[in-house]
Amino acid sequence: TGTPKEEIKRIADQFAFTGELVSCGPCGSGHINETYMLRYRIGEMGSIKVILQKINREIFQKPEELMENIAGVTGHLKKKVLQKSGDPEREVLNLIPTKEGKAFLTDENGECWRAYIFITDAVSYDLAEKPEDFYESAVAFGKFQEMLADYPAETLHETIKDFHDTKKRFQTLKNAIEKDSCHRAASVKEEIAFALQHEYLANVFGELLAKGEVPLRVTHNDTKLNNVMIDLETGKGICVVDLDTVMPGLAMNDFGDSIRFGASTALEDEKDLSKVSCDMELYEIYVKGFLESCGDKLSAKEIEMLPMGAKVMTYECGIRFLTDYLEGDHYFKIDREEHNLDRCRTQFKLVADIEQKWDTMQTIVKKYQK
Ligand code: ATP
Ligand code: MG
Ligand code: MG
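How each quantity is defined
- Residues numbered from 1 in each chain as written.
- Chains lettered and ligands numbered in written order.
- Predicted model: local features only at pLDDT ≥ 70, side-chain atom pairs only at ≥ 80, totals over all residues.
- Heavy atoms only, no water.
- Buried < 20%, exposed > 50% of the residue type's maximum accessible area, 1.4 Å probe, protein only.
- Helix = DSSP H or I, 4+ residues; strand = E, 2+ residues; numbered from the N terminus.
- Pairing = 2+ DSSP bridges.
- Salt bridge = Lys/Arg side-chain N within 4 Å of Asp/Glu carboxyl O.
- Near = heavy atom within 4 Å.
- Polar contact = N/O pair within 3.5 Å; in protein donor to acceptor, adjacent residues only side chain to side chain.
- Nonpolar A, V, L, I, M, F, W, Y, C, P; charged D, E, K, R; others polar.

Caption draft 1: Structural context of the pairing of strand S6 (residues 112-117). The element S6 is largely enclosed, with a buried count of 6 among its 6 residues. Pairing of strand S4 (residues 95-96) with S6, which is carried by 2 bridges, proceeds in the antiparallel orientation. When the bridges of S6 are listed, Ile-96 appears paired with Ala-115. With 2 bridges connecting them, strand S5 (residues 105-106) and S6 associate as antiparallel partners. Across the sheet, the residue bridging to Thr-106 is Cys-112, located in S6. As consecutive antiparallel partners, S5 and S6 are separated by 5 residues, and within that stretch Gly-110 has a phi angle of approximately 85°, a positive value.

Structure (structure tokens):
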């Protein structure tokens with residue numbers, strides 16, 4: 001897989017890069033887009049690195065809307081970074097336009113490409129090497145929320161429709177149970193029962209939003225550790241990347257999804273459920289980083305609902321795995337039979353664990369509430 005070098009060079013030629021291309025190669029470990037790092041020489045001494053990315057058109061059908069979101073949000077972030085005398089080339093993604101002045105390029109095959117200034121002297125980690133890395137991701141996503149608190153979230157496009165509409169996801173599960181197209185329902189009675197017993201989790205946020213008790217926010221929706229660039233020298237989280245899934249959403253969901261995978265003591269597909277729990281030390285680290293950097297921008301209700309975000313996101317993920325298992329595994333890639341069922345079980349185990357630790361989780365949030 002990947003795009004041949006010659007083609008990348010032809011694509012790169014159509015962007016407003018300066019200098020002479022001296023090298024290009026794959027970059028990072030993203031699973032969605034194709035990401036390349038290109039180096040250009042400028043004059044005798046200098047060189048500049050850029051990122052060239054092919055957007056995944058299977059997942060994102062409306063690249064113009066997606067790019068409109070990214071241009072809007074990065075433009076806003078840049079103003080904020082400048083106001084705080086930060087580094088506008090390292091603390092926010094900078095789109096480099098095409099030579100025609102467009103935000104992205106559509107090639108003759110209909111593929112879409114975009115370019116960013118490369119964030120220098122920084123790395124992104126797939127796995128936390130130390131708790132501080134998780135803390136730094138919390139700070140980075142908290143700052144992201146803080147700087148975008150005055151952005152009109154409702155003007156953003158929904159790049160993946162109904163992404164965290166948990167109620168719809170619940171209905172899809174119910175349909176899958178009823179249809180039982182693969183005759184698997186009888187073998188997963190326990191999981192189905194768990195999902196149905198917890199139906200309230202599918203409704204709680206939709207109701208709060210409908211009643212106006214929580215606001216729509218700019219959300220990132222892929223708050224993984226490797227979507228934060230960490231400064232090589234200071235170890236600090238400097239910039240949030242991967243803005244494809246920026247959408248209107250709820251602050252609690254971004255927070256909750258970080259907890260779901262970042263504070264879990266086991267992998268998402270661990271078979272031994274005794275290894276699966278929500279680590280309260282990691283949870284506290286994330287709460288601390290997140291609230292320290294955005295606490296005053298969130299409402300009291302949003303802060304109170306942060307633990308609920310962890311529960312809802314974990315439940316939602318569990319019912320999606322269960323649905324896919326019932327429907328014959330056509331959405332999530334599987335490496336073994338029952339892979340999706342194993343994944344569903346880890347998520348439901350986490351939900352149960354979160355329920356047991358509920359008081360602790362709320363107390364921790366109160367501790368860091370300003
Ligand atoms: P995912 O699988 O998380 O959805 P993706 O395929 O959407 O990833 P990105 O996260 O945008 O791709 O980029 C992949 C990796 O490339 C990032 O994790 C980061 O390490 C690196 N990267 C992306 N943009 C930049 C940049 N502007 N400067 C430096 N590195 C970058
Ligand atoms: Mg990424
Ligand atoms: Mg991505």
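Caption draft 2: Spotlight on the pattern of salt bridges. One pass over the full model with this rule turns up 31 salt bridges. Note that Glu-100 is salt-bridged to Lys-102, the shortest N-O span being 3.4 Å. For Glu-100, a relative accessible area of 67% gives the class exposed. Taking the relative accessible area as the measure of exposure, Lys-102 reaches 47% and is therefore partly exposed. One salt bridge connects Lys-275 with Glu-270, and the closest N-O pair in it is separated by 4.0 Å. Because the salt bridges share partners, they merge into one network encompassing Lys-211, Glu-213, Lys-301 and Glu-304.

Caption draft 3: View of the site of ligand 1. Lining the immediate environment of ligand 1, one finds 21 residues, of which His-31, Asn-33, Ser-124, Lys-224 and Asn-226 sit closest. At a separation of 2.6 Å, an oxygen atom of ligand 1 approaches a polar backbone atom of His-31. Measuring from a nitrogen atom of ligand 1, one finds a backbone N or O atom of Ile-117 at 3.1 Å. Among the elements of the structure, strand S3 (46-54) and S6 are those that each provide at least two residues to the shell around ligand 1. The class makeup of the residues in the shell around ligand 1 is 8 nonpolar, 9 polar and 4 charged.

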